[in-house]
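Observations on chain architecture
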Amino acid sequence: MSPTVAVLAVISAVTVLRFFFCTWLPILPDEAYYFQWSRHLDASYFSKGPGVAYTIAAGTALWGDNNFGVRFFAVVLSAGTAWQIFSLARRWYDETTALIAVLIAGVVPLYAVGAVVMTIDPLSAFFWIWAANLFSRAIDSDRLFPWLLTGFAVGCGFLAKYLNALELLAFLVFLLLVPHRRQLLLKPHFWLMLVMALLCTTPVWWWNYEHGWASAVQLGNRGHLNEPFHLSLSNFLGFLGLQALVISPLLFLALLAIAVQLFANQFVKRIDRKREGTLLLLLLFLSVFLFYAILACHMKGEPNWPAISYLSLIILLAGQRKSILARRDSCFFVAAAFLMAWLQTLVLHNPEPLHLPQKMDPLGRAVGWSEIAAHLNDLRREQHADVLIADAYKEASVFSFHLPDKAFIYTLRHVPPANQYDFWPSYPTAAPHRALWITGEDSSKALSKDFNTITFLERVVVSFHGRSFREYSIYLCENK
């Protein structure tokens, strides 16, 4: 079996398994939040571009408002990402290296979960690696179309995750550092690629213009850019620790070692046509990883933020396989790293036998929502409530998804806006009116100005492995 046939077989088999798994795994709050976006299609949104909303809308139009419909394109995009990894590695190395790169990516715990969860990451990863592939072809072509297609891919990635714009910086630095490629900057192709990417991002700029540049303000606040920059060693070490955990510790060490080694080599060897691929792949990694590493010195981040940076670094690791396996001790390390990552991935798919505490269980964020939503639906019928209100956007989204009729759940308003719900209509208050309010706080004051009477109904508790871990109070709010 040739490496190409082998990788197609592997991708096909894994994709089928992921289609089954995505129907079993309960919907996560973030997915439910983006599902609400897909029911309110717009040019852009408060914290992200419109890519994820329209992708979910397409999936649910095909398969319905269920797990499979929401996640269908996450699985499809992950298969496309694997093939793009293979194509990019094959272009700069060979088919065997490309197959190994796909196998390594397949056991990374972060990618295994991200492949079945419909967030911005499957879109961002696919368009990132596809744009890298297109750019690798465009630099050897006199035709304009490959350049324009590269700009289109970067622009589409930006519509999912703003970070994808950093790929243009990696491309520019590559052309500046490779002597025989600098002439490409004198041609219109590269600059037209930038124009195409900018045109694709127009919906984001238009929406922000119409809404007082809310996304820019939100990104500044989220990144604490409105505060003095300070270095925090503990935050940085925490960032590295989280990356080691989600990538797998030994594999993460191997990837960092390869990055350091190849980065050092760039200063002692001349960059020629044989080594330019290594430089491009390294720049794709550094453009994202260094951005978040610097940001981590200032604030705490999420473990998935630099996920796309490792796609090209995995190819570089696979490309160094001969020098790595030439040493006997390295062979044991490689085997241990692959086995550990594979076991972590298996545990992520079914951690139940380990009976982990809720905070450590990978599926802890997914359980309990449907039970609360079912109880909320029963109370809605008993109390003849026509409106549902939650005090946070994640709860509003995930409870709404699990209701039989997918009824919209309103949230408390924030000034200035704190999430996308603040841009949608608020709950009605005109009499006569009955609403159920579900809140994680034991307080009835938040809605007192909008309703005549607020009556506590009950406390809902969900257990995880015999312990309470998710509790909510439900109130009946009336305007008579």
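All of these numbers come straight from a predicted model, not from anything done at the bench.

**Side note on the layout of surface pockets**
Size it by volume and the second largest pocket reaches roughly 560 Å³. Secondary-structure elements contributing two or more residues to the lining of the second largest pocket are helix H5 (95–107), helix H14 (249–265), helix H16 (309–319), helix H17 (321–325) and helix H18 (328–349). Of the residues contributing to the lining of the second largest pocket, the split by class is 15 nonpolar, four polar and three charged.

**A look at the pattern of salt bridges**
According to the stated counting rule, one finds 13 salt bridges in the structure shown. Linking arginine 380 and aspartate 405 is a salt bridge whose minimum nitrogen-to-oxygen distance equals 3.3 Å. Of this pair, arginine 380 sits in helix H19 (residues 369–382) while aspartate 405 sits in the loop between helix H20 (393–402) and strand S2 (410–411); the two residues are 25 residues apart in sequence, bridging distant segments of the chain. What makes aspartate 405 partly exposed here is its relative accessible area of 47%. When the shortest N-O distance is used, the salt bridge between aspartate 450 and lysine 449 registers 3.8 Å. Lysine 449 gets classed as exposed once you look at its relative accessible area, which sits at 68%.

**Describing the environment of arginine 91**
Tracing the chain through its elements places arginine 91 in helix H4 (residues 67–92). Sequence-wise, arginine 91 and asparagine 133 are 42 residues apart; in three dimensions their C-alpha atoms are separated by 8.4 Å. Those residues in contact with arginine 91, other than ones at most four positions away along the chain, are Ser136, Arg137 and Asp140. Here the side chain of arginine 91 touches serine 136 through a polar contact of 3.0 Å, landing on its backbone oxygen. Looking at arginine 91, its side chain comes within polar contact range of the side chain of aspartate 140, at 3.2 Å.

**A word on the pairing of strand S1 (residues 387–390)**
Burial of the side chains of S1 extends over both faces: Val387 and Ile389 are buried on one face and Leu388 and Ala390 on the other. Here four bridges tie S1 to strand S3 (residues 433–439), and the two strands are oriented parallel to one another. Residue pairing for S3: valine 387 is matched across the bridge by alanine 435. Here two bridges tie S1 to S2, and the two strands are oriented parallel to one another. Residue isoleucine 389 lies in a different strand from S2, and its bridge partner there is tyrosine 410. On the question of chirality, the crossover connecting S1 to the parallel S2 by way of H20 is right-handed.

**Here we look at the sheet that holds S3**
The strands that make up a sheet pair up through hydrogen bonds in the backbone, lying either parallel or antiparallel. Overall, mixed pairing links the five strands, which are arranged S2-S1-S3-S5-S4 in an open sheet. Here the strands that pair on one side only, and so sit at the sheet edges, are S2 and strand S4 (453–464). The strands touched by H19 are S1, S3, S4 and strand S5 (467–479); relative to S5, the strand with the most contacts, the crossing angle is about 25°.

**Brief notes about the packing of aromatic side chains**
As enumerated under the stated definition, the model contains 46 aromatic pairs in all. Residues phenylalanine 285 and tyrosine 310 carry aromatic rings whose centres are separated by 6.2 Å and whose planes lie at 45° to one another, so their mutual orientation is tilted. Placement of the pair is phenylalanine 285 in helix H15 (residues 276–296) and tyrosine 310 in helix H16, with a sequence separation of 25 residues. An aromatic cluster of at least three residues, connected via ring pairs, comprises Tyr33, Tyr34, Trp37, Tyr45, Tyr393, Phe408, Tyr410, Tyr421 and Trp424. Positioned above the aromatic ring of tryptophan 369, the side-chain terminus of arginine 470 is 3.8 Å from the ring centre.

**Considering unusual backbone geometry**
Residue proline 416 is reached from valine 415 by a cis peptide bond, and omega for that bond is 0°. Residue position: proline 416 is located in the loop between S2 and S3. Positive phi, normally seen in glycine, also occurs at serine 248, with a value near 105°. Along the polypeptide, serine 248 turns up in the loop between helix H13 (233–247) and H14. The buried category is assigned to serine 248, whose relative accessible area is 0%.

**Quick word on empty space enclosed by the protein**
Which parts of space are left empty comes out when a probe the size of a water molecule is rolled across the atoms. Evaluated as defined, the whole model comprises one cavity of 30 Å³ or more. Of the pockets and cavities examined, the largest cavity occupies roughly 30 Å³. Considering the residues around the largest cavity, the lining is formed by Phe408, Tyr410, Thr411, Arg413, Tyr421, Trp424, Pro425 and Ser426. When the residues that make up the lining of the largest cavity are grouped by side-chain class, the tally is five nonpolar, two polar and one charged.

**Details of a nonpolar patch on the surface**
On the surface, a cluster of nonpolar side chains totalling about 590 Å² of accessible area is made up of Val10, Leu103, Phe338, Leu339, Trp342, Leu343 and Leu346. For the nonpolar patch, the element with the highest residue contribution is H18, accounting for five residues. Mapped onto the elements, leucine 346 comes out in helix H18.

Rules used in this analysis
- Residues numbered from 1 in each chain as written.
- Predicted model: local features only at pLDDT ≥ 70, side-chain atom pairs only at ≥ 80, totals over all residues.
- Heavy atoms only, no water.
- 1 Å grid on protein atoms, 1.4 Å probe; cavity = no way out; pocket = protein on both sides within 12 Å on 5 of 7 lines; lining within 4 Å.
- Points joined across faces, edges and corners; volume = space filled by probe spheres on them.
- Helix = DSSP H or I, 4+ residues; strand = E, 2+ residues; numbered from the N terminus.
- Nonpolar A, V, L, I, M, F, W, Y, C, P; charged D, E, K, R; others polar.
- Salt bridge = Lys/Arg side-chain N within 4 Å of Asp/Glu carboxyl O.
- Buried < 20%, exposed > 50% of the residue type's maximum accessible area, 1.4 Å probe, protein only.
- Contact = heavy atoms within 4.5 Å.
- Polar contact = N/O pair within 3.5 Å; in protein donor to acceptor, adjacent residues only side chain to side chain.
- Pairing = 2+ DSSP bridges.
- Right-handed = clockwise from strand over helix to strand, strands pointing away.
- Axes fitted to C-alpha atoms, helices over the stretch in contact; angles between N-to-C directions.
- Phe/Tyr/Trp six-rings, centres within 6.5 Å; stacked < 30°, edge-to-face > 60°.
- Lys NZ or Arg CZ within 6 Å of the ring centre and 35° of its normal.
- Patch = residues over 30% accessible without salt bridge, like charges linked within 9 Å, V, L, I, M, F, W, Y side chains within 5 Å.
- Areas by Shrake-Rupley, 256 points an atom, 1.4 Å probe, with all protein chains shown as cover.

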